[in-house]
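Here is how the chains run, residue by residue.
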Amino acid sequence: MGEEIRGAEALLKSLIDEGVDTLFAYPGGNIIRVFDCMYDHRDDIRQILVRHEQAATHAAQGYARISGRTGVAIVTSGPGATNTITGISDAMLDSTPIVVIAGQVSTTSLGTDAFQEIDLVGVTQPITKWSYQIRSAEDIAWAVSRAFYIANSGRPGPVVLDFTRNAQEEFVSYKSQKIKYIRSYIPVPEPDMAQIDKAVEMIDQASRPLVLAGHGVELGHAEKELKAFIEKGDIPVGRTLLGLSVLPSDHPLNMGMLGMHGNMAPNIMTNRCDLLIAVGMRFDDRVTSKTAYYAKQARIIHLDIDKSEFGKNVRTDLNVLGDCRQTLALITERMKKKSHKDWTDSFRPYQQEEYDKVIRDATHPSDGPLRMGEVVNAVSSLADDSAAITTDVGLNQMFSSRYFKYRRNNSFITSGGLGTMGFGLPSAIGATFGAPDRTIIAFTGDGGLQMNIQELGTIMESRAAVKIVLLNNSFLGNVRQWQQLHYNSRYSCTPMLNPDYMQIASAYGIPARRISDRSELESAVREMFATDGPFILEANCMEEENVMPMIPYGNPVDQMICHI
């Protein structure tokens, strides 16, 4: 038997055994023994004190998304635990591997409505891959190893461990465990070669194929396999919001972003192609719009690791189950080398039309107030090749996704499925610890920033080197655009009276600069990048600016509008 240690110490040893180097944490009474043990492991694990438990989960997401490792948040019971629900839900919808460890009352008090008791397992079961209550110190090593295996295998996602107070206090003879197999859980299905051969046949026969690349390509580390596949087949690619950095922005077969505020060419050609090849994406409604009119002329191949996605939103002709890194490689080595020059050239007129009607004025306006697109374009032009961005949700998200140039993978971190305002700032903090060698830029709006503005305190204390670009239009801009389009410009609860962000930055000791004129834009961006550590660049932008083009709600994907 080994040395007897408390359960709280066994938790820390288990985390170290899993390679955890960073915790995003907030203490409380029912997790206090764990934090007492954390004090002795300050040299083993970096401990980041956030200012709100929701931010702990978003920081863990940012860490996970940029590093590929599992992010970890530790909180107390009751409100500490329930404050993590938004981040857990976000991680579930965006397939992000995080483990949330929450304190809980002792087993003898369960079900008594004890102080800060909440049935966290019951609450989180629908929004996690696994949720488990640790009631005995004997279960700690097993539960932690199982949690990390589940979170970051197959299709990744969140796991919750509800850690009772008696299990933290009990003594146990600790023995490291490593879970690598769970009966009935098959994270990576073996490819069916009959499906592979059928996919090859369909691809070889197609004259107008189009690839839709999603987040699953990045999660499966299949960027090289995707590139080899499209280059051998000379197949144009549209990327989903979460798949933006799976292919460099300047790749000749990259036709742009799909979806409501995506690019005209890939959206229109979705309803012109004869074969649609979906790789690691789930046909989200923001991509498909009205499914009754979605790609009805095309045959559809869907490659995914999760069979529950097949046929869920869009009818498909062939489903290829498996890890896309493996299935893409198998298809590529068997398919014919092809040229589709006439087909790829047919995208160019729509690209030129969008540039003439939208992009030129959005990124290089000749007069008037600063535009969000030109700020994003300036930041992108002056950023180094290592740069990765996080965004909040709203116009800042759409403008940054459209106009930032992605040079390498894992360069775009945003809240996709849940659309969580307040995501941008804490996820950027997590990303700085997940990839300390990269420049992390957080694009945010005045609405989203104030959702988690307290995390400037986390930046102040940890000196997380986040470059914050605040696109301030004094509106909740995305909702305002919908109000303009669909509700006769009745701006109900969307105009915002904002604080003086320069004074707030000063109070947190963060260097900052405010600009309102484009003559200052380049020098301000250069100053931001030249400053060591964090920086806030506030750009006061056009108030009633709209992000275009747009698929109006309910329209087919090929019916985009370029102005309101």
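What counts as what
Residues numbered from 1 in each chain as written. Predicted model: local features only at pLDDT ≥ 70, side-chain atom pairs only at ≥ 80, totals over all residues. Heavy atoms only, no water. Helix = DSSP H or I, 4+ residues; strand = E, 2+ residues; numbered from the N terminus. Buried < 20%, exposed > 50% of the residue type's maximum accessible area, 1.4 Å probe, protein only. Contact = heavy atoms within 4.5 Å. Areas by Shrake-Rupley, 256 points an atom, 1.4 Å probe, with all protein chains shown as cover. Lys, Arg positive; Asp, Glu negative; His and termini not counted. Charge placed at Lys NZ, Arg CZ, Asp CG, Glu CD. Phe/Tyr/Trp six-rings, centres within 6.5 Å; stacked < 30°, edge-to-face > 60°. Lys NZ or Arg CZ within 6 Å of the ring centre and 35° of its normal. Salt bridge = Lys/Arg side-chain N within 4 Å of Asp/Glu carboxyl O. Pairing = 2+ DSSP bridges. Axes fitted to C-alpha atoms, helices over the stretch in contact; angles between N-to-C directions. Polar contact = N/O pair within 3.5 Å; in protein donor to acceptor, adjacent residues only side chain to side chain. Parallel < 35°, antiparallel > 145°, perpendicular 65-115°, else oblique. Left-handed = near helix turned anticlockwise from the far one by under 90°. Nonpolar A, V, L, I, M, F, W, Y, C, P; charged D, E, K, R; others polar. Expected span 1.5 Å × (residues − 1). Domains from an automatic or database assignment. Buried area = accessible area lost by both parts, 1.4 Å probe.

Asker: Sorry if this is basic, but what is going on with the overall build of the chain here?
Answerer: On a plain count of helices and strands, the chain comes out with 24 helices and 20 strands. Judged by the C-alpha coordinates and their principal axes, the chain covers about 70 × 60 × 40 Å. Per-residue burial for the chain yields a buried fraction of 60% across its 564 residues. For the chain, the proportion of contacts with a sequence separation of at least 24, taken over those separated by at least 6, is 77%. Summed over its atoms, the accessible surface of the chain is roughly 21,800 Å², and 49% of this surface lies on carbon and sulfur atoms. Averaging the locations of the 55 positively and 67 negatively charged side chains of the chain gives two centres separated by 5 Å.

Asker: How should the packing of aromatic side chains be read in this particular structure?
Answerer: For any pair of aromatic rings, the description consists of the separation of the ring centres together with the inter-plane angle of the planes. Summed over all chains, the structure comprises 14 aromatic pairs. On the numbers, 6.2 Å between centres and 70 degrees between planes, the contact of Phe24 with Tyr63 is edge-to-face. Highlighted residues: Phe24 in strand E2 (residues 22-25) and Tyr63 in helix H3 (residues 53-67), separated in sequence by 39 residues. On the basis of an interplanar angle of 80 degrees and a centroid distance of 6.0 Å, the ring pair of Phe283 and Tyr294 is categorised as edge-to-face. Separated by 11 residues along the polypeptide, Phe283 in the loop between strand E12 (275-279) and helix H13 (285-288) and Tyr294 in the loop between H13 and strand E13 (299-304) bring together distant segments of the chain. Across this residue pair, the class does not change: Phe283 and Tyr294 are buried. Three or more aromatic residues link up through ring pairs in this structure, and these residues are Phe404, Tyr406, Phe412 and Phe443. Directly above the aromatic system of Trp130 lies the positively charged group of Arg146, at a separation of 4.9 Å from the ring centroid. In this arrangement the basic side chain of Arg480 is found over the ring face of Phe475, its NZ or CZ atom lying 5.8 Å from the centre.

Asker: Could you clarify how one ought to interpret the pattern of salt bridges in this entry?
Answerer: Going through the model one piece at a time under the given rule, you end up with 27 salt bridges. Salt-bridge contacts for Glu169 lead to Arg33; the nearest nitrogen and oxygen are separated by 3.0 Å. Pair noted here: Glu169 is in helix H8 (residues 165-169) and Arg33 is in helix H2 (residues 32-39), with a separation of 136 residues, a long-range link. Residue class for Arg33 comes out partly exposed when judged on its relative accessible area of 24%. Arg513 is the partner of Glu527 in a salt bridge, and the nearest nitrogen-oxygen pair spans 2.9 Å. With Glu527 in helix H24 (residues 521-530) and Arg513 in strand E19 (residues 512-515), this residue pair connects regions lying 14 residues apart in the sequence.

Asker: It is not clear to me how the sheet that holds E13 should be interpreted in this structure. Could you clarify?
Answerer: Spatially, 6 strands are ordered E11-E10-E9-E12-E13-E14 in an open sheet, and the strand pairing comes out parallel. Bordering the open sheet on either side are strand E11 (254-257) and strand E14 (318-321), each of which pairs with just one other strand. Strand-to-strand twist across the sheet, computed as the mean angle between neighbouring axes with direction ignored, equals 20 degrees. Contacting strand E9 (209-213), strand E10 (237-239) and E12, helix H11 (residues 223-233) crosses the sheet at an angle of about 170 degrees to E9.

Asker: Just checking my understanding: could you explain the sheet that holds strand E18 (residues 466-472) for this structure?
Answerer: By way of backbone hydrogen bonds, the strands of a sheet pair with one another, either parallel or antiparallel. Strand order in the open sheet made by the 6 strands is E16-E15-E17-E18-E20-E19, with parallel pairing throughout. Both edges of this open sheet fall to strand E16 (412-413) and E19, since each of them pairs with a single strand only. Of the strand pairs in this sheet, E18 and strand E20 (residues 535-540) are connected by 6 bridges, and their pairing is parallel. The residue bridging Lys467 from the neighbouring strand is Phe535, located in E20.

Asker: Is there a simple way to think about the environment of Glu218 in this case?
Answerer: The topology assignment puts Glu218 in helix H10 (residues 215-219). Glu218 has contacts with Glu223, Leu242, Ser245, Val246, Asn409, Asn410 and Ser411, leaving out every residue within four places of it along the chain. Among the polar contacts listed, one links the side chain of Glu218 to the backbone nitrogen of Asn410, at a separation of 2.8 Å.

Asker: In this structure, what is going on with the packing of helix H17 (residues 372-382) against H24? I would like to understand it.
Answerer: To characterise two packed helices, one gives the angle between the axes of the helices and the distance between these axes. The contact between H17 and H24 brings their axes to 10 Å, and the two run at 50 degrees. As the angle between them shows, H17 and H24 are arranged oblique. As H17 packs across H24, the resulting crossing turns out to be right-handed. On H24, the residues that touch Glu374, Val375, Ala378, Val379 and Leu382 of H17 are Leu521, Glu522, Val525, Arg526, Met528 and Phe529. Residue composition of the contact of H17 with H24, grouped by class: 8 nonpolar, no polar and 3 charged.

Asker: Would you mind showing me how to read helix H5 (residues 85-93) here?
Answerer: One turn of the α-helix equals 3.6 residues, which is why residues spaced by three or four share an orientation. The set of residues buried in H5 consists of Gly87, Ile88, Ser89, Asp90 and Ala91. Along its buried surface, H5 packs onto H3, strand E5 (98-104), helix H6 (120-124) and strand E7 (158-164). In the segment just after H5, Ser95 is the residue with positive phi, at about 55 degrees.

Asker: Is there a simple way to explain the packing of helix H1 (residues 7-17) against helix H7 (residues 140-151) in this structure?
Answerer: For the pair H1 and H7, the least separation of the axes is 9 Å and the interaxial angle reads 35 degrees. You can see that H1 and H7 cross each other, and the crossing is right-handed. The residues of H7 that touch H1, namely those facing Gly7, Ala10, Leu11, Ser14 and Leu15, are Ile140, Ala141, Val144 and Phe148. Here the contact of H1 with H7 is built from residues that sort into 7 nonpolar, 2 polar and no charged.

Asker: How do you make sense of H3 when you look at a structure like this?
Answerer: Between the first and last C-alpha of H3 there are 21 Å, a value that for 15 residues agrees with the 21 Å anticipated at 1.5 Å per step. The buried fraction of H3 amounts to 14 of the 15 residues, a majority that puts the element mostly inside the structure. Just past H3, the residue Gly68 takes up positive phi, approximately 80 degrees.

Asker: Even after reading the chapter, I still don't get the domain arrangement of the chain, so can you show me in this structure?
Answerer: Note: interface size is frequently given as the accessible area lost on complex formation between the parts. Parsing the chain into structural domains produces domain 1 (4-173), domain 2 (193-348) and domain 3 (369-540). Contacts between domain 1 and domain 3 engage 24 residues on the former and 29 residues on the latter. Each partner contributes to the roughly 2,000 Å² buried at the junction of domain 1 and domain 3, and carbon and sulfur atoms together form 62% of this total. Of all residues in domain 1, Arg51, Arg65 and Ile66 bury the most surface against domain 3, accounting for 35% of the area lost on that side. For the pair domain 1 and domain 3, the interface holds 1 salt bridge.

Asker: What is the right way to look at unusual backbone geometry in this model?
Answerer: Note: most residues except glycine have negative phi, and most peptide bonds are trans. Cis peptide bonds are those with omega within 30 degrees of zero, and the linkage from Met548 to Pro549 qualifies with -5 degrees. Topologically, Pro549 is positioned in the segment after E20. Of note, the phi angle at Ser474 is positive, near 60 degrees, even though the residue is not glycine. Examined against the element boundaries, Ser474 turns out to sit in the loop between E18 and helix H22 (477-486). Since its relative accessible area comes to 25%, Ser474 is described here as partly exposed. The phi angle at Cys493 is positive, at roughly 60 degrees, despite the residue not being glycine.

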